[in-house]
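Observations on chain architecture
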Amino acid sequence: MRITIVGGGIAGLTTALSLHAAGIRSEVRESARAIDAVGVGINLLPHAVRELTELGLGDELAGIALAPERLLYCDRKGGPVWEERLGRTGGYRWPQFSVHRGHLQMLLLTAVRRRIGPDAVRTGMAFQRFEEGGDGILVHFLNRADGSAAVEHTDVLIGADGIDSAVRAQLYPGQGPSNWNGVHMWRGVAEAPHILGGRTIVVAGGDPGDEFVAYPIADPPTSGGNAVLNWVLEVRHPGTADGLVRSNRRIGAPEARAGLDGWSLPWIDLASLVENSSDIYEYPMLDRDPLPRWSSGRVALLGDAAHPMFPMGMNGGSQSVVDARVLAWCLARDPDPAAALRRYDHLRRAPVNRIVLQNRALGPEKIIAEAAALHGELPAGEALEISRHYQQLSQATPGHLNSRPTWDVPRTGPQAAW
């Protein structure tokens, strides 16, 4: 059994590791010429940390990440609106982790090459199209190193190639552009003093386009030094997705300072934060409409290729990790790959599609949006209900996650013959 994964990001690499743990070998094909430690911060919620821990990566992950203990919602002046405990302090058996996305990707890449082999990930291979027949799938790539065409035969094709997935585009040729809600995110990483005790994720403001987010992703190297803070400023711009320019342009310090004008947060020096940021880039806030299915024959979608979502609730990357584990579990339990992919679709698509739609309705950040509309705090009972509803929708309450059976696969059964 040969499985080809298109996409060498967090979703694709976690899929390769999950398949390997289930006794199934896979190969990753990545369009970029090299995989580098680039990007900004990402949060892994306890349901994702559980899966990575059960893949044997818990200690390594803890070595490159911080475990936040509190989520704090504030108004534009830093006044508290709502807070809740996170990770182990919130009753989970696993922590939540805040980590540099590039460092996480390199951890996964190293693990793939160590466990599967140095050639398990091949870069510079741009997916072009696939042809499914009775004896498997022919996958066409463009080798970006020399411009040559490459055709590979595989038994299962997994599209984990992100929001602009080329695999998804072939399955759904009329999908159109991504959905843009008119919000850009200015994202930066800066050395700065710890804020609010050093283990707090803070979300300030109200509606999308009027929010500021900050959290640490690394402690100071020495006592009294600066931590590394990930920060995001949301700004609203007029326009439609059809005319959206997705250049991820660099934001200069004067423009960033102007965007932060009017914000007054007593626990952070915003001007210094901007000045100490190595780079600030603009990203549109995008999602896509939920799909009626994630699999077709021996082809399936996973991660942002299947369910790109707005970042409310910090859930997109975490859901990709769970996707990978469930996919491997299904393929290991059924000798018919198409049937296994249908089972994966059945288990994951409907609940994750509900999260996509709930994030359009602001997800848990509905708490600060409603508080801003009231010009004060939301009643505690209403805020708690919004938070709990989102956890339940994500199948990630402490009670559910702590008691749910593992997605680990015993190394016996159908996969032993593959």
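Above this note sits the structure.
Now for a look at the structure at hand. (Residues numbered from 1 in each chain as written. Predicted model: local features only at pLDDT ≥ 70, side-chain atom pairs only at ≥ 80, totals over all residues. Heavy atoms only, no water.)

1. A few points about the overall build of the chain
From N to C terminus, the chain includes 12 helices and 19 strands. Here the C-alpha radius of gyration of the chain, 21 Å, is about what a compact globule of 418 residues would show, namely 22 Å. Its C-alpha atoms give the chain principal-axis dimensions of roughly 65 × 45 × 45 Å. In the chain, buried positions account for 55% of the 418 residues. Look at the contacts in the chain between residues 6 or more apart in sequence, and 74% of them connect residues 24 or more apart. A total accessible area of about 16900 Å² is found for the chain, and carbon and sulfur atoms account for 51% of it. Seen as two clouds, the 41 positive and the 46 negative side-chain charges of the chain have centres 5 Å apart. (Helix = DSSP H or I, 4+ residues; strand = E, 2+ residues; numbered from the N terminus. Rg over C-alpha atoms; globule rule 2.2 N^0.38 Å. Buried < 20%, exposed > 50% of the residue type's maximum accessible area, 1.4 Å probe, protein only. Contact = heavy atoms within 4.5 Å. Areas by Shrake-Rupley, 256 points an atom, 1.4 Å probe, with all protein chains shown as cover. Lys, Arg positive; Asp, Glu negative; His and termini not counted. Charge placed at Lys NZ, Arg CZ, Asp CG, Glu CD.)

2. Observations regarding the sheet that holds strand β16 (residues 227-236)
On the basis of which strands lie adjacent, the open sheet formed by seven strands has the order β6-β5-β14-β15-β16-β13-β17 and mixed pairing. Of all the strands in the sheet, just β6 (80-85) and β17 (277-287) have a single pairing partner and so form its edges. Strand-to-strand twist in this sheet, taken as the mean axis angle between neighbours without regard to direction, amounts to 20°. (Pairing = 2+ DSSP bridges. Axes fitted to C-alpha atoms, helices over the stretch in contact; angles between N-to-C directions.)

3. Describing the packing of aromatic side chains
In total, this model carries five aromatic pairs according to the counting rule given. Considering the side-chain rings of Phe212 and Trp263, the 6.3 Å spacing of their centres and the 50° angle between planes classify their relative orientation as tilted. Note that Phe212 is positioned in strand β15 (residues 211-218) and Trp263 in the loop between α6 (253-259) and α7 (270-275), a separation of 51 residues in sequence. Taking relative accessible area as the criterion, Trp263 reaches 10% and is therefore assigned buried. Between the aromatic rings of Trp329 and Trp407, the centroid separation amounts to 5.0 Å while the plane-to-plane angle is 75°, which identifies the pairing as edge-to-face. Linking Trp329 in helix α8 (residues 316-333) with Trp407 in the segment after α12 (398-403), this pair joins segments that are 78 residues apart in sequence. A cation over an aromatic ring shows up here: Arg76 above the ring of Trp263, its NZ or CZ 4.3 Å from the ring centre. (Phe/Tyr/Trp six-rings, centres within 6.5 Å; stacked < 30°, edge-to-face > 60°. Lys NZ or Arg CZ within 6 Å of the ring centre and 35° of its normal.)

4. Overview of the sheet that holds strand β9 (residues 125-133)
Spatial ordering of the open sheet is given by β9-β10-β11, a layout of three strands whose pairing is antiparallel. Of all strands in the sheet, those with a lone pairing partner are β9 and β11 (149-154), marking the two edges. Sheet twist, expressed as the average angle between the axes of neighbouring strands with direction ignored, equals 25°.

5. Structural notes on helix α4 (residues 101-115)
Here α4 contains 15 residues, and its C-alpha end-to-end distance of 21 Å stays within 8% of the 21 Å for a straight helix at 1.5 Å per residue. Within the span of α4, buried status applies to Gly102, Leu104, Gln105, Leu107, Leu108, Leu109, Ala111 and Val112. Against α1 (10-21), β3 (41-44), α2 (46-54), α3 (58-64), β7 (97-100) and β8 (121-122) lie the buried residues of α4. After α4 finishes, the residue Gly117 shows a positive phi value of roughly 145°. (Expected span 1.5 Å × (residues − 1).)

6. Here we look at the nonpolar core
In terms of nonpolar packing, the biggest core is built from 79 residues, with Leu108 and Ile158 touching the most fellow members. By residue number, the principal contributor to this core is α8, which donates 10 residues. Discounting chain neighbours no more than four positions away, the residues touching Leu108 are Ile10, Leu13, Thr14, Leu17, Leu52 and Leu57. Listed in part, the 26 residues of the second largest apolar core include Leu71, Leu86, Val203 and Ile368. (Core = buried A, V, L, I, M, F, W, Y, C linked by side-chain atoms within 4.5 Å.)

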